[in-house]
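Structural overview for review
So the chains spell out like this:
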Amino acid sequence: MTGRGALTDRAAALPAAETPPVTTPRDPAREAAERELSERLYHQDDPSLFSRAVDRLWEWIGGLLDRASGATPGGAVGLLVIVLVAALALAALWWRLGSPRRTAGTAGVLFGGGLRSAADHRRAADAHAAAGRWTEAVQERMRAVVRSLEERTLLDPRPGRTADEAAAEAAVSLPDHAADLRAAARAFDDVTYGGRTGRPETYERLRALDSTLDRAKPVLTGPTA
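Residues numbered from 1 in each chain as written. Predicted model: local features only at pLDDT ≥ 70, side-chain atom pairs only at ≥ 80, totals over all residues. Heavy atoms only, no water.

1. What to know about unusual backbone geometry
Residue Thr-153 is not a glycine yet carries a positive backbone phi of 65°. The class for Thr-153 is exposed, based on a relative accessible area of 65%. (Buried < 20%, exposed > 50% of the residue type's maximum accessible area, 1.4 Å probe, protein only.)

This is the structure we're talking about:
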């Protein structure tokens, strides 16, 4: 027997172990493997997207530091010294100046909700000072100063006024105390918006200013004859 029939007979006569393997074309085989490997079973232990992003970030930082240390005299040790010096300088600046203050244009208002008299603010300030709450004491004493000026009609009562605005407006009729008013407004902003802690000496200066302004005579600013 010859031809295809003979080949078929010989393949059938081969033992099972010698049967020619079934072959699959290359492209379908690759596609099948990709489908198989895309199953969640094979990826359940893979790092998350966040973990991969963090790893890439650390790799980038590491490469950056390696390049910086190569360009810095003394290599990695020199770079470490520079970083430490910069950190110490920033810490010293922060300690000296406190957290960044708001500008006058963005500073918050002096008074919150509710109308209280100067006497009310003074009592609250003294109570805070007696308890050692110097930040609150400074705030309340500055409010007492401004409310007292409003009660004496040296300032027009105006909601939304800031401490800086009150000091500038009060200095018009009390020019001899302009510097002290500006310092009081700065102290209020420092403890309220600048992250600083009130101090006993700051409170005493404000209390003395409150007492002084209460007796001060304003300068007439109206038209003269």
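2. Some remarks on the confidence of the model for the chain
Within the chain, residue pLDDT values average 77, and 60% of them lie at 70 or more. Counting interchain partners and residues more than four positions distant, the pLDDT-below-50 stretch residues 99-107 has 16 contacts. (pLDDT = per-residue confidence, 0-100. Contact = heavy atoms within 4.5 Å.)

3. A few points about the packing of aromatic side chains
Counted according to the given criterion, the structure contains 2 aromatic pairs. Each ring, one from Trp-134 and one from Tyr-203, has its centre 5.9 Å from the other, and the planes form 50°; the classification is tilted. Placement of Trp-134 in helix H6 (residues 134-151) and of Tyr-203 in helix H9 (residues 200-215) is noted, with a sequence separation of 69 residues between them. By relative accessible area, which is 2% here, Tyr-203 ends up buried. (Phe/Tyr/Trp six-rings, centres within 6.5 Å; stacked < 30°, edge-to-face > 60°. Helix = DSSP H or I, 4+ residues; strand = E, 2+ residues; numbered from the N terminus.)

4. As for the pattern of salt bridges
Counted under the stated rule, the structure contains 12 salt bridges. Between Glu-165 and Arg-158 there is a salt bridge whose closest N-O contact spans 3.8 Å. According to the relative accessible area criterion, Glu-165 is partly exposed, its value standing at 32%. In this structure, Glu-204 engages Arg-207 in a salt bridge whose closest nitrogen and oxygen atoms are separated by 2.9 Å. Of this pair, Glu-204 and Arg-207 both sit in helix H9, 3 residues apart, roughly one helical turn. Arg-207 gets classed as partly exposed once you look at its relative accessible area, which sits at 39%. One continuous salt-bridge network, built from bridges that share partners, spans Arg-147, Glu-150, Arg-158, Arg-161, Glu-165 and Glu-169. (Salt bridge = Lys/Arg side-chain N within 4 Å of Asp/Glu carboxyl O.)

5. A short note on the packing of helix H5 (residues 118-130) against H9
Two elements in contact, H5 and H9, have axes whose closest approach is 12 Å; the angle formed by their N-to-C orientations is 155°. Compared by their axis directions, H5 and H9 come out roughly antiparallel. Crossing handedness for the pair H5 and H9: left-handed. Where H5 approaches H9, its residues Arg-122, Ala-125, Asp-126 and Ala-129 are matched on the opposing element by Tyr-203, Arg-207, Asp-210 and Asp-214. Of the residues belonging to the contact of H5 with H9, the class tally is 3 nonpolar, no polar and 5 charged. (Axes fitted to C-alpha atoms, helices over the stretch in contact; angles between N-to-C directions. Parallel < 35°, antiparallel > 145°, perpendicular 65-115°, else oblique. Left-handed = near helix turned anticlockwise from the far one by under 90°. Nonpolar A, V, L, I, M, F, W, Y, C, P; charged D, E, K, R; others polar.)

6. What to know about a nonpolar patch on the surface
On the surface, Leu-57, Trp-60 and Leu-64 cluster together to form a nonpolar patch covering roughly 310 Å² of accessible area. Locating Trp-60 in the fold gives a position in helix H3 (residues 49-71). Assessed through its relative accessible area of 52%, Trp-60 is described here as exposed. (Patch = residues over 30% accessible without salt bridge, like charges linked within 9 Å, V, L, I, M, F, W, Y side chains within 5 Å. Areas by Shrake-Rupley, 256 points an atom, 1.4 Å probe, with all protein chains shown as cover.)

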